[in-house]
Amino acid sequence: MAIGSKELAPVELDTFEDERLVDELKKAKEELFNLRFQSATGQLESHGRLRAVKRDIARIYTVLRERELGIRATPIAVVADKPAKKTTAKKADAAVETADDATEADTTATDAAATTKEA
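Report follows, based on the coordinates. These numbers come from a predicted model, not from an experiment. Each chain carries its own residue numbering, running from 1 in the written order of its sequence. In view of the model being predicted, local features appear only for residues whose pLDDT reaches at least 70, and side-chain atom pairs are presented and counted only at 80 or more, with totals across whole chains, interfaces and linings using the full set of residues. Side-chain numbers here rest on the full set of heavy atoms in the structure, without hydrogens or water.

1. Quick look at the pattern of salt bridges
And step 1. A pair is scored as a salt bridge if a Lys or Arg side-chain nitrogen falls within 4 Å of a carboxyl oxygen belonging to Asp or Glu. Summed over the entire model, instances satisfying the criterion amount to eight salt bridges.
And step 2. Among the salt bridges present, the one from arginine 20 reaches glutamate 24, with a minimum N-O distance of 4.0 Å. In this pair, arginine 20 and glutamate 24 are both assigned in helix α2 (residues 18-41), four residues apart and thus about one turn of the helix distant.
And step 3. Relative accessibility under 20% of the residue-type maximum defines a buried residue, over 50% an exposed one, and the middle range a partly exposed one, all with a 1.4 Å probe and only protein chains included. By relative accessible area, which is 40% here, arginine 20 ends up partly exposed.
And step 4. With a shortest N-O distance of 3.9 Å, lysine 27 and glutamate 24 are connected by a salt bridge. A residue pair is termed a helical-turn pair when its members lie 3 or 4 positions apart in one helix, as lysine 27 and glutamate 24 do in helix α2 at three residues.
And step 5. Judged by its relative accessible area of 52%, lysine 27 falls in the exposed class.
And step 6. Glutamate 24 gets classed as buried once you look at its relative accessible area, which sits at 10%.
And step 7. One salt-bridge network, held together by shared partners, links Asp14, Glu66 and Arg72. The secondary structure listing takes helices from DSSP runs of H or I that are at least 4 residues long and strands from runs of E that are at least 2 residues long, numbered from the N terminus.

In short, geometric facts, not functional conclusions.
Laid out in structure tokens, this is it:
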């Protein structure tokens, strides 16, 4: 079994979206800093945790890079369910506003054409 956090197993990292991976990376780097500080002051109880956190950071960087290269898929289906509804509603509102604007433009153009024919 790989050394590291159980919550940051490669299978778990596959389900995280990119923003959450960046947050986890930030947390891991902060933890590594704290562990190094404790080690320097002689307060560190578990030296194995340093190695585990370093591996977690490497795993996160690997997943991010593989997604960037297209080797690993981004979990769109899992994440997109909830935000898609909000986005769809916003897009629907924007579409209605655009349709209203288009209708107004058509009405204006029709009125202008009718005025031109009358003149």
